Amino acid sequence: MTKRELVLNTLKGEVADIVPTSFSLHFPPEKKYGQASVEAHLDFFKKTDTDIIKIMNENLYPSCPSLFCASDLSRVKAFGRDAGFIQAETDLVKAVLDKADPSAFSVCTIQGACASFVHIFRPQYQALSDIRALHKKFYKENKNAVLDAIKRISETQCLMVESVLDAGCDGIYYAALGGEASLFSREEFEEVQAPFDKQIMEIAKKRGKTVILHMCKSDLDIGRFSSYAPYCDVVNWGVYENSISLDEGAQVFPDKVLMGGLANRTGLLVDGSAEDIRRQVHSIRRNMAGKRFILGADCTLATNQDISKVKAAVDAARDKI
């Protein structure tokens, strides 16, 4: 069975005696773009041997300088498919897939509606908490200005999805921020974020491609994403960062493949031995026995991650237990 077949069988509901794997990390600044990024991806995949090739996306939505009040958002631009950041990511996808293991399953990271809204504020503002507070402030100040800006951003990100899928990806890894329980209410979330996330994910679903929904950061109210179920195939979130277990997540997304199991910046992938990692992965697999499951981490690994520990986890996912 090839890696791609293992992933596809898992998606279809066929539970094997091994589980597929997916891990990724943010590469250092000098390896985020161009040929250096291609080589960094290929080296990571060769050393870890993951079943899913997850191509990173540092080609972010362009910043919009001098955002001081909600009305300033009128200057946020929509872009066409020929935009430089879309073409740069598409070229990266093509170059990586041209040299990567052809038997692997591939997804490209897509920065979601909320994440892309965050990116337009940088480098003017750096802290995510500050930008998210401005998001709420602007929403209260002029809701329509915020919704119009996110609409333009989302329409552009739909073009990003189309482009990377045309480049050969089997699906997308949709990075959704915006789940903080303490910021927007669930009702506000349904207006300011949910329709736009669904619009972007639906592009991939309509083409019969796979969507991995990643719900990122702390203070996560995972329940507010329950209506996303028709638009995704796999769900992944901060199990350890938010103390939301795999079993608890399965109750919110009962018909979806679960991905995760390991912490990304703490725990055994940081300071455990290969044997410690093997035992933990075996324990996770036993707990997930009979369920559709992909072994991964809460989120991206640290840039200085010890790759041998990732390989130990991948190997343990393939042990017969």
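Anything mentioned here points back to the structure above.
None of these values were measured; they are calculated from a predicted model. (Residues numbered from 1 in each chain as written. Predicted model: local features only at pLDDT ≥ 70, side-chain atom pairs only at ≥ 80, totals over all residues. Heavy atoms only, no water.)

1. A word on the nonpolar core
Judged by nonpolar contacts, the single largest core of 97 residues is most densely connected at Phe-23, Leu-73, Ile-120, Phe-121, Tyr-174, Leu-213 and Trp-237. It is helix H6 (residues 143-166) that contributes the most residues to this core, 11 residues altogether. If we ignore the near neighbours within four places in the chain, the residues touching Leu-213 are Tyr-174, Ala-176, Met-201, Tyr-228, Cys-232, Val-234, Val-235, Asn-236 and Phe-253. (Core = buried A, V, L, I, M, F, W, Y, C linked by side-chain atoms within 4.5 Å. Buried < 20%, exposed > 50% of the residue type's maximum accessible area, 1.4 Å probe, protein only. Helix = DSSP H or I, 4+ residues; strand = E, 2+ residues; numbered from the N terminus. Contact = heavy atoms within 4.5 Å.)

2. Focus on the pattern of salt bridges
Where charged atoms from two side chains of opposite charge come close, those side chains can pair. Inspection of every chain in the model, using the stated rule, returns 24 salt bridges. Between Asp-166 and Arg-81 there is a salt bridge, with its nearest N and O atoms 2.6 Å apart. Of this pair, Asp-166 sits in helix H6 while Arg-81 sits in the loop between strand E1 (52-55) and helix H3 (84-99), placing them 85 residues apart in sequence. Its relative accessible area of 44% is what places Asp-166 among the partly exposed residues. Among the charged side chains, a salt-bridge network with shared partners connects Lys-3, Asp-49, Asp-51, Asp-101 and Arg-318. (Salt bridge = Lys/Arg side-chain N within 4 Å of Asp/Glu carboxyl O.)

3. Some thoughts on empty space enclosed by the protein
Leftover empty space is mapped by rolling, across the atoms, a probe with the size of a water molecule. One pass over the full model with this rule turns up two cavities of 30 Å³ or more. In this structure, the largest cavity is lined by 13 residues; those nearest its centre are Ser-22, Ser-24, Tyr-173, Ala-297 and Cys-299. Across the lining of the largest cavity, the residue classes tally to six nonpolar, five polar and two charged. Of the residues belonging to the lining of the second largest cavity, the class tally is three nonpolar, three polar and three charged. (1 Å grid on protein atoms, 1.4 Å probe; cavity = no way out; pocket = protein on both sides within 12 Å on 5 of 7 lines; lining within 4 Å. Points joined across faces, edges and corners; volume = space filled by probe spheres on them. Nonpolar A, V, L, I, M, F, W, Y, C, P; charged D, E, K, R; others polar.)

4. With respect to the packing of aromatic side chains
Tallying each qualifying case throughout the model produces 12 aromatic pairs. With a centroid separation of 6.0 Å and an interplanar angle of 40°, the aromatic rings of Phe-121 and Phe-138 are classed as tilted. In this pair, Phe-121 is assigned in the loop between helix H4 (113-119) and helix H5 (128-141) and Phe-138 in helix H5, connecting sequence segments 17 residues apart. Note on Phe-121: relative accessible area 0%, which makes it buried. The exposure class assigned to Phe-138 is buried, which follows from its relative accessible area of 0%. Consider the rings of Tyr-139 and Phe-184, whose centres lie 5.4 Å apart with planes at 85°: the pair is edge-to-face. Within this pair, whereas Tyr-139 is found in helix H5, its partner Phe-184 is found in the loop between strand E3 (171-176) and helix H7 (186-192), the two being separated by 45 residues in sequence. One aromatic cluster is present, built from ring pairs that chain together Phe-117, Phe-121, Tyr-125 and Phe-138. When the ring centre of Tyr-173 is taken as origin, the NZ or CZ atom of Lys-54, which lies over that ring, is 4.2 Å away. In this arrangement the basic side chain of Lys-136 is found over the ring face of Phe-184, its NZ or CZ atom lying 5.4 Å from the centre. (Phe/Tyr/Trp six-rings, centres within 6.5 Å; stacked < 30°, edge-to-face > 60°. Lys NZ or Arg CZ within 6 Å of the ring centre and 35° of its normal.)

5. Focus on helix H2 (residues 34-48)
For the α-helix, the turn length of 3.6 residues means that residues three or four positions removed from each other point alike. Between its first and last C-alpha atoms H2 spans 22 Å; for 15 residues at 1.5 Å apiece the expected length is 21 Å, and the two agree. Listed as buried for H2 are Ser-37, Val-38, Ala-40, His-41, Phe-44, Phe-45 and Thr-48. Seen end-on, H2 carries its buried residues on one side only, within an arc spanning 165°. In H2, the exposed positions angled more than 90 degrees off the buried face are occupied by Gln-35 and Lys-46. Turning to H2, the residues buried within the fold contact E1, H3 and helix H13 (307-317). Just downstream of H2, Asp-49 is the residue with a positive phi angle, here 65°. (Expected span 1.5 Å × (residues − 1). Arc of directions from axis to C-beta.)

6. Looking at unusual backbone geometry
Cis geometry marks the peptide bond from Arg-122 to Pro-123, where omega comes out at 10°. Take Pro-123: it is sitting in the loop between H4 and H5. You will see that Ser-66, though not glycine, has its phi angle at about 60°, which is positive. Within the secondary structure, Ser-66 is located in the loop between E1 and H3. Given the relative accessible area of 37%, Ser-66 is considered partly exposed.

7. Let's talk about the pairing of strand E6 (residues 257-262)
The element E6 is extensively covered by neighbouring structure, given that six of its six residues are classed as buried. Sheet topology note: the E6/strand E7 (residues 293-297) ladder contains five bridges and is parallel. When the sheet's bridge partners are listed, Leu-262 is paired in E7 with Ala-297. (Pairing = 2+ DSSP bridges.)

8. Some thoughts on the sheet that holds E1
Paired through their backbone hydrogen bonds, the strands of a sheet run either parallel or antiparallel. One open sheet accounts for seven strands, arranged E1-E2-E3-E4-E5-E6-E7; its pairing is parallel. A single partner strand is all that each edge strand has here, and the edge strands are E1 and E7. Geometrically, the sheet is characterised by an average inter-axis angle of 25° between neighbouring strands, direction not taken into account. Here two bridges tie strand E5 (residues 234-237) to E6, and the two strands are oriented parallel to one another. Looking at E6, one finds that Val-234 is bridged to Val-257. Those strands touched by H3 are E1 and strand E2 (105-111), and its axis lies near 150° from that of E1. (Axes fitted to C-alpha atoms, helices over the stretch in contact; angles between N-to-C directions.)

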